[in-house]
Amino acid sequence: MEHFMHFRVLLLLSFGSILWMEGEASEHHDKPNFLLIMADDLGIGDVGCFGNTTIRTPHIDQLAQDGVKLTHHISAAPLCSPSRTAFMTGRYPIRSGMASIGRAPVLLWTAGSGGLPPNEITFAKVLQEKGYSTGIVGKWHLGVNCNSRDDLCHHPNNHGFDYFYGMPFTLFSECKEGHGRIILPDVRIFIWRISEIIGLAILTAVSLRLLGLLFLNCKFILLLVLAYILCISAWYLPFQFINIWNCIIMRNGEVVEQPMALETLPLRLLNEAEGFLQRNKDKPFLLFVSFPHVHSPLFESERFKGKSKHGLYGDNIEEMDWMTGRIVKMVEDLGLSKKTFVYFTSDHGGHVEHADSSGQVGGWNGIYKGGKGMAGWDGGIRVPGIIRWPGKLPAGKVIDKPTSLMDIFPTVVNIANGQLPTDRSIDGHDLLPLIQGEVPHSRHEFMFHYCGVDIHAVRWHPRNNSDSVYKVHFFTPNFNPPGAIGCYNIMICRCYGEFVSRHDPPLVFDISRDPSESLPLSPEVEPRYSEILQRVQEVMEEHQKAVKPVPSQFTVSEIMWKPWLQPCCGTFPFCSCKESNGS
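Looking at an unreviewed UniProt entry, one finds the chain named ARSD Arylsulfatase and attributed to Polypterus senegalus.

See the structure below:
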C-alpha cells in the first residue's frame, strides 16, 4: 500500500510537471514574434508600392498588400548612425549624444570610442528581459568598444542582442577595391601637407647646418623628425588601411573576416537570418535584419547583375527585395506568419548626389525634395514604412498621418507586454491605436528635424485640423551648383556653418498640399501664417529646454581612430582572416 501511495505521488508530480511545462511552452508560443527589416540609403521612390514602376520589388510590395503602408513615415535623422540610434531607442539621437557636432556626421572607424552609450535602452534589451531570443544580422554602425579592444561596450551584445552576425561598421567606398576613399579626404590632405612642410623644414635645417650657414640645435631637428614621423603615421595608418580596419565581419564579439569579401556577403547574411529563424522557431524571437543594401559601394552578385533597368543600383534593390522575400517565406514555412509582426523601412532617404562613370548609384526619393544628409527636406527623411501582422492588422490599409521610425520602440515593447522606461523621455508613440483606427490622429503633433545638434525644421500636424501638415524650415542646405537639388560639390550636404542658410523669417510649407515643398507660404495666401510661426517657435523652445545635455559621442577624441580599440583577428596590426564558410 505504501508503495502504491508513493507511486500516486510520483504520478501526480510528473503530471503536474508536464502541465507546468506545457503551460510554459504555451506561454512562449502565445508571445508574438518580431521581424524588423531595414534597408540602408533606400529612397522612398525606389519601391514599387511607393510609386516606382521600373524597379521590381514584388516581395516588398506583397508585404504592403498584406499589411499596412505608412506613407508619411519619418526618420529622426538623415544619416545612418543618428537615425539608427533613434530607431533603437525611440528617442531623438541628441538625447544619447549621438548627434554630430561638426565635420564627422557619422561614426567613422570601428576603432573609435564613440557609440550608442551603454546606459541607453533598446527595444532588444527590453524584449531580452521578457525572455525573447534577440538577434541582429547585417549592419550595426553604432560603435564597438570604449576603452579596450574587447570591452564591446557599444556592441549589439551589450545592447540586448543575444546574437550578432554582420558588419559592426558600414559599407564605405574603401571596402571595394578601386572605388576611392571618402573618409575625411580634406583632413587626410591637410595632414599630408603638414607632413610635407615639416619634411621640407627638416631638409632645410640639416642642409644649413651641414653647410655651416646656420647652426641649429640637434634637439630641435630631432623634434622636427619626431613631428614628421607622427604626421606621417597619422596620415598613413588610419587612412591607408581603412579596408582592414573598418570592412570586417563579426559573429558576436569575434572578428571572423577581415577584410570582408563583398561578393559573398549578401548570401551569408541571408543564410544567417534564415538560420536564426530556424533555431528560434519554438521560442519568442526578435530578429532585426539590417541590410547593407543599397549603401555604396554596391554589390555585384551574379544572380542579379545586369537584370534591372536601373544599372547596378537597381540590381541591388532587386537583390534586397529577393532576400526580403526569402526571409519572410521562412517565417511562413515555419507556420509563424500569424504570430509575427513584420516591419520594413529604410534608415533615411536616398543619396541623390552619388554617381559614377556608369551613372546614378544613389537612391530616388520620388516627389520629395532633397536626400540623404538633408534633415529638413522630406527627401532626406521620408522613408517607406510597411507593417504586416496577419489577423491582427488590416490588409491593404494606408496611413497618411505622420509617423516615425522612433515609434517602433514603443510599439514593439507594448506588443511584447514590456515596460517602457520611465526614467527618460521617449519620443516615439505606439502605432497600434492609429493603425487599428482607435484614434483619428497621429500622436506626433510636432516633429523636430535635427541635422546634427541643430533643429533645421519642425513639422506641425494641428490636432484641430486633420488634413494640414505644416513644415517650418529654419535652416536649409546650400545646394551646389545653384538650382540643383543636392550638394554635388561636396557629394553630401552638411549641417552647419557656410554649408547652410538661415531663414528669418523661416520658410513655411503646407506639405499636405505641397509635398514637394516648392511653394513657400506667405501671410497673403495662408491666414494661419503668423500662428504657425509662433506656435512652432514656442514648442521648439520648450523642446530644446527639455533636452538634457549629455556627453557627445561625436567629439574628435571619440571619433578618431585608436589602435588599442581596433577589432582584430590575429595579432594587431597584422589583422587578417577569412570566414571558413565564407563562400
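Having put the structure on the table, let's press on.
Student: When you look at the overall build of the chain in this model, what are you seeing that I'm missing?
Tutor: Each helix and strand counted, the chain has 13 helices and 19 strands in total. A globule of 583 residues ought to have a C-alpha radius of gyration of about 25 Å, and the chain, at 26 Å, matches this closely. If one aligns the C-alpha atoms of the chain with their principal axes, the spans along those axes are about 115 × 80 × 50 Å. A burial count over the chain gives 58% of its 583 residues as buried. Intrachain contacts of the chain at a sequence separation of at least 6 include 74% that bridge at least 24 residues. Here the chain carries 52 positive and 59 negative side-chain charges, and the mean point of each set is 2 Å from the other.

Student: Honestly, helix H6 (residues 218–240) in this entry has me stumped. Any pointers?
Tutor: Spacing of three or four residues puts side chains on the same side of an α-helix, whose turn is 3.6 residues. Between its terminal C-alpha atoms H6 stretches 32 Å, which fits the 33 Å expected from 23 residues at 1.5 Å a residue. Three or more residues of H6 are buried, namely Ile221, Leu224, Cys231, Pro238, Phe239 and Gln240. Those residues of H6 hidden inside the fold are in contact with helix H5 (185–211) and helix H7 (242–245).

Student: Got a minute to help me understand the packing of aromatic side chains in this structure?
Tutor: For any pair of aromatic rings, the description consists of the separation of the ring centres together with the inter-plane angle of the planes. Scanning the model with the defined rule gives 24 aromatic pairs in all. Taken together, a centroid distance of 6.2 Å and an interplanar angle of 80° make the contact between tryptophan 140 and phenylalanine 161 edge-to-face. Highlighted residues: tryptophan 140 in the loop between strand S3 (133–139) and strand S4 (163–167) and phenylalanine 161 in the loop between S3 and S4, separated in sequence by 21 residues. Relative accessible area serves as the criterion here: at 1%, tryptophan 140 is assigned to the buried category. The class for phenylalanine 161 is buried, based on a relative accessible area of 1%.

Student: Which parts of the structure should I look at to understand the pattern of salt bridges?
Tutor: Any two side chains of opposite charge can pair, so long as their charged atoms come close to each other. The full count for this structure, using the stated rule, is 27 salt bridges. Two residues, lysine 305 and glutamate 300, come together in a salt bridge whose shortest N-O distance is 2.9 Å. Since its relative accessible area comes to 42%, lysine 305 is described here as partly exposed. Residues joined by salt bridges that share partners form a network here, namely Arg251, Glu257, Arg268, Glu272 and Glu579.

What counts, and at which threshold
- Residues numbered from 1 in each chain as written.
- Predicted model: local features only at pLDDT ≥ 70, side-chain atom pairs only at ≥ 80, totals over all residues.
- Heavy atoms only, no water.
- Helix = DSSP H or I, 4+ residues; strand = E, 2+ residues; numbered from the N terminus.
- Rg over C-alpha atoms; globule rule 2.2 N^0.38 Å.
- Buried < 20%, exposed > 50% of the residue type's maximum accessible area, 1.4 Å probe, protein only.
- Contact = heavy atoms within 4.5 Å.
- Lys, Arg positive; Asp, Glu negative; His and termini not counted.
- Charge placed at Lys NZ, Arg CZ, Asp CG, Glu CD.
- Expected span 1.5 Å × (residues − 1).
- Phe/Tyr/Trp six-rings, centres within 6.5 Å; stacked < 30°, edge-to-face > 60°.
- Salt bridge = Lys/Arg side-chain N within 4 Å of Asp/Glu carboxyl O.

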